[in-house]
Amino acid sequence: MTIPIFLGALLAAMAIGMPIAFALIICGIALMAYMNMMDAQIVAQNVLNGVDNFVLLAAPGFIVAGEIMNAGGLSKRIVRIAVTCIGHVRGGLGYVAILSATIIAALSGSAVADAAALSAFLIPMMVAAGHDKARAGGLIASAAIIAPIIPPSIPFVLFGVLANVSITKLFIAGIAPGVMLAIALCIAWYIVARKENAKPLPKATAHERWRAFVEGSWALGLPAIIIFGLKFGVFTPTEAAVVAAVYALFVAMFIYRELKVRDLFGIFVRAAITTSVVMFLVAAALVSGWLITVSDIAKSVVALVEPFMGSPTLLMLAIMVLVMVVGTALDLGPTILILTPILMPIIKAANIDPVFFGVLFIVNNAIGLITPPVGTVLNVVAGVGKISMEDVTRGIGPFLLAESIVLFLMVLFPWLVTGPANFFLGR
């Protein structure tokens with residue numbers, strides 16, 4: 001009965017419009033009441049212990065860094081580099097969107113922020129060049145979800161804390177899948193762009209390219225610093241977040257000079273609000289996570305998937321389908337917080353590499369950001385780009401298919417993830 005009670009309480013709380021964090025606490029309390037161990041102190045202790053974790057300090061650091069990057073002109077200069085390099089080829093603005101999203105992903109780690117920034121800048125340019133507006137919005141939305149996969153990634157931080165997996169290894173293992181998604185989008189865009197009669201931008205001169213690269217080199221330096229520092233153990237993920245925030249602040253204020261002291265208060269307030277939401281979700285998830293452990297829900301779930309335990313590939317395929325279905329109804333953060341405590345015992349019992357699973361789990365959840373009806377990133381692109389939700393959902397089709405194919409190829413061929421990760425880690 002524990003599984004029906006857990007799911008019933010969670011779904012009922014969500015059905016009446018209760019925020020996810022409170023719904024997680026409610027389903028934990030429901031389990032406590034069912035097991036005759038109701039104690040408000042246990043709930044309070046787990047809420048406090050949920051955020052009493054040094055590793056979680058990486059979240060506010062990367063959130064602040066992302067806010068500074070978008071406000072301080074770093075993202076804009078990355079787009080300018082891409083425009084001068086490939087804007088002149090056929091369908092060039094689409095490749096600009098993909099390349100810019102991939103590079104900016106290594107700066108902000110936020111799909112929503114990247115989608116908003118790129119939509120405001122590139123959708124008008126793509127429409128003026130003759131591209132279909134819905135298709136342009138769909139491309140930018142699908143490119144923006146690379147942000148939670150390439151480091152620095154807040155979803156990897158959350159998963160690492162909940163699953164007790166090395167965040168550094170998750171960061172490094174996320175690089176290759178992020179690049180593969182970008183390549184898949186380029187292939188899909190090549191096929192789509194051939195059917196459109198869009199006019200490419202004039203070819204930039206060598207001087208314009210050099211100037212764009214020089215101006216953007218400071219922005220490009222940040223992901224290089226983070227990846228180098230993590231690979232060689234110069235700093236931990238938490239320290240990397242602080243380095244990213246300080247570096248972004250220095251570049252935005254003293255190099256590009258687009259960020260003023262008066263702007264900092266608004267940036268820190270927005271970052272604080274986002275951080276508080278993330279932290280409260282984590283704290284609430286620890287309540288339900290503790291009850292999942294105590295009530296042996298994980299053991300019941302393992303028993304349900306026992307027919308798949310003999311084949312890790314079949315098990316992973318079944319889990320990925322489950323996560324994809326859940327991702328159509330839940331946002332990325334809640335899905336991670338709800339499913340991680342339930343799925344990790346299954347992964348351990350099947351002897352699947354938790355880093356490999358973590359990467360595919362986050363990729364799958366990222367794809368959920370562009371799957372209707374919820375599709376958080378779709379809503380952002382639709383709002384910023386002034387596109388109807390129906391049109392942007394239509395425009396996402398070929399790109400969603402391309403990214404889903406990459407996900408299932410990684411399930412079938414784990415070396416696509418583990419091989420590059422081991423290379424980066426020097427194994």
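In what follows, the structure referred to is the one given above.
Residues numbered from 1 in each chain as written. Predicted model: local features only at pLDDT ≥ 70, side-chain atom pairs only at ≥ 80, totals over all residues. Heavy atoms only, no water.

(A) Region of the structure containing the environment of I225. Inspection of the secondary structure puts I225 in helix α12 (residues 206–231). You can call I225 partly exposed: its relative accessible area is 31%. Put simply, I225 and V406 are 181 residues apart on the chain and 28 Å apart in space, counted from C-alpha to C-alpha. Those residues in contact with I225 that lie beyond four places of it in its chain are F235, V243 and Y247. (Helix = DSSP H or I, 4+ residues; strand = E, 2+ residues; numbered from the N terminus. Buried < 20%, exposed > 50% of the residue type's maximum accessible area, 1.4 Å probe, protein only. Contact = heavy atoms within 4.5 Å.)

(B) Summary view of the side chain of T84. Considering the arrangement of structural elements, one finds T84 in helix α5 (residues 74–86). The exposure class of T84 is buried, given its relative accessible area of 10%. A polar contact is formed between the side chain of T84 and the backbone oxygen of I81, at a distance of 2.9 Å. The contacts of T84, once residues within four sequence positions are left out, are A204, E208, R209 and A212. (Polar contact = N/O pair within 3.5 Å; in protein donor to acceptor, adjacent residues only side chain to side chain.)

(C) Looking closely at helix α21 (residues 397–412). For α21, with 16 residues, the first-to-last C-alpha span of 23 Å sits near the 22 Å given by 1.5 Å per residue. Residues of α21 that are buried include every one of F399, L400, A402, E403, S404, V406, L407, M410 and V411, and no others. If you follow the buried residues of α21, they end up packed against α8 (133–144), α11 (175–193), α16 (312–327), α18 (354–367), α20 (389–395) and α22 (415–424). (Expected span 1.5 Å × (residues − 1).)

(D) Fine view of the packing of helix α7 (residues 111–128) against α8. Where α7 contacts α8, the axes come no closer than 9 Å and their chain directions differ by 150 degrees. Taken as axis vectors, α7 and α8 run roughly antiparallel relative to one another. You can see that α7 and α8 cross each other, and the crossing is right-handed. On the side of α7, the interface is formed by A111, D114, A115, L118, S119, L122, I123, M126 and V127, while α8 contributes K133, A136, G137, L139, I140 and A144. The residue inventory of the contact of α7 with α8, partitioned by class, reads eleven nonpolar, two polar and two charged. (Axes fitted to C-alpha atoms, helices over the stretch in contact; angles between N-to-C directions. Parallel < 35°, antiparallel > 145°, perpendicular 65-115°, else oblique. Left-handed = near helix turned anticlockwise from the far one by under 90°. Nonpolar A, V, L, I, M, F, W, Y, C, P; charged D, E, K, R; others polar.)

(E) Representation of the pattern of salt bridges in the model. Here the structure, examined in full by the defined rule, presents seven salt bridges. One salt bridge connects R394 with D132, and the closest N-O pair in it is separated by 3.8 Å. Here R394, found in helix α20, pairs with D132, found in the loop between α7 and α8; they are 262 residues apart in sequence, far enough to count as distant. Under the relative-accessibility criterion, R394 is labelled partly exposed at 44%. You can call D132 partly exposed: its relative accessible area is 30%. In this structure, D391 engages R394 in a salt bridge whose closest nitrogen and oxygen atoms are separated by 3.9 Å. Of this pair, D391 and R394 are both found in helix α20, three residues apart, which corresponds to roughly one turn of the helix. (Salt bridge = Lys/Arg side-chain N within 4 Å of Asp/Glu carboxyl O.)

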